[in-house]
Amino acid sequence: MPAEGGKTDMERIGLFSEMEYITVGDKYVSQFNRPFNEAASKNKQMLPGGSKEMSDLQAGYFDPHFVRIFEGEGYINLNQVRRRDMMEAAKKNLGKAFLPSSGEKTPCGLGSYYGTIGGPVPFFSAQSKTREKYKAPGKNLYTNPGKKGTGYGYANITIGKQFSHSADFYDAAKLKYKKANEEHHRLLKGAPFKLNLHPRDYFDANPYFSEESLPPIKKEEKKKTISNTFKPSSPGKKPGGMKAGTFDPYPSHSADPYVAKLANISGKDDKIFHPPSGPKSRPVESIMTLNVRRALNSKNYKTSSVPSY
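Note that this is a predicted model, so its numbers are computed, not measured. Positions within a chain are numbered from 1, following the residues in the order the chain's sequence is written. Reporting in this predicted model follows two pLDDT cut-offs: at least 70 for local features of residues, and 80 or more for side-chain atom pairs to be given and counted; totals over whole chains, interfaces and linings ignore these cut-offs and use all residues. In computing side-chain properties, one takes all heavy atoms of the structure into account and sets aside hydrogens as well as water.

**Q** Tell me about the overall build of the chain, residues and numbers included.
**A** Counting its regular elements, the chain contains four helices and zero strands. Secondary structure is summarised from DSSP: a helix means a run of H or I of at least four residues, a strand means a run of E of at least two, and numbering begins at the N terminus for each. Reading the chain from its N end, one meets helices and strands in the order α-α-α-α. Here the chain, with 309 residues, has 1% of them falling under the buried criterion. Contact between two residues is taken to exist if any of their heavy atoms lie within 4.5 Å; hydrogens are not considered. A separation threshold of at least 6 residues defines the contact pool for the chain, and within that pool the share at least 24 residues apart is 26%. The method behind every accessible area is Shrake-Rupley, applied with a 1.4 Å probe, and residues are considered shielded solely by the protein chains displayed. Only carbon and sulfur atoms are counted for the fraction: they give 58% of the accessible area of the chain, which is about 35,600 Å². Throughout, exposure labels follow a simple rule: accessible area from a 1.4 Å probe, protein chains only, divided by the maximum for the residue type, with under 20% read as buried, over 50% as exposed, and the rest as partly exposed.

**Q** Residue-level account of the packing of aromatic side chains, with values.
**A** Stacked, tilted and edge-to-face are the three classes applied to pairs of Phe, Tyr and Trp rings, where Trp contributes its six-membered ring and a pair requires centres within 6.5 Å; stacked means planes under 30 degrees apart, edge-to-face means over 60, and tilted covers the rest. Taken as a whole and assessed by the stated rule, the structure comprises one aromatic pair. Between the aromatic rings of Phe123 and Phe124, the centroid separation amounts to 5.5 Å while the plane-to-plane angle is 85 degrees, which identifies the pairing as edge-to-face. Note on Phe123: relative accessible area 63%, which makes it exposed. Given the relative accessible area of 60%, Phe124 is considered exposed.

**Q** Could you give me a rundown of a nonpolar patch on the surface, with the residues and numbers involved?
**A** Candidate patch residues must exceed 30% relative accessible area and have no salt bridge, after which like charges are joined if within 9 Å and Val, Leu, Ile, Met, Phe, Trp or Tyr side chains if within 5 Å. What makes a salt bridge here is a side-chain nitrogen of Lys or Arg within 4 Å of a carboxyl oxygen of Asp or Glu, nothing more. Judged by side-chain polarity, Tyr113, Val121, Phe123 and Phe124 come together as a nonpolar surface patch covering roughly 440 Å² of accessible area. Position of Phe124 among the secondary structure elements: in the loop between helix 2 (78-91) and helix 3 (172-187).

**Q** Can you break down unusual backbone geometry residue by residue, with the values?
**A** One non-glycine residue with positive phi stands out, namely Asn43, at about 60 degrees. Looking at where Asn43 falls in the secondary structure, it is placed in the loop between helix 1 (9-13) and helix 2. For Asn43, a relative accessible area of 77% translates into the label exposed.

Structure below.
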């Protein structure tokens, strides 16, 4: 519709005409059934003639005939080129070529210096050198010849003197131990001390078990009831110079000589106190071993199964 001012919408936007719709009237084709390359299924396609194998024939190459690399070049003689290069190289020499005066000299035998540059070396000369006058060493140590014998059963064949014979009793060690044991028992006083603290296996089966005998049953004593309160007959007496306030009369004086009292000497029958030496160590079995012994013994070791821990 024309807008205000007499211009259409297309003229107002600036387009010459409205864009055409390309797919108007086309059949619906699903994207799943659409071919990947539509041009490959229409019109004629390129048909190659197959692969060619490499051979000496012309059919194995792309060109229809053999082509030379250089066409119309002149013939070159390689020997002539080589001589020309040698002549140019000889012009660069300043003088004539070095020629030795004579040929190589060959040696005439082993040890000969003929043909060498330096000649003979004095260090390798076979001529004997001057030596100092020989001085003979001193005489060797003269000793008496060794004594014959192996040492077993032969006397006076060693370096030192022969050992003197000393008597040795047959039961010397036994007699010595017997004397030491008698001396030990003589110094002992009283019977041997026995410690009654033998360790046991962990905990007792009966915690209320006791080796000591039970004490006798105590009888309850009936308390005597006092009916009347105690009243003294008269007030207490006051102490005086004659000790009148005591219950008992003053004790009579007894003579006591000033003599130091001797200490009581213990007799042979008196027991001697020996302090305990502490608990003695003994091998203790582990809990695992105790459990194995209780579960596995000589009676059921054939029928019992291995316990799992």
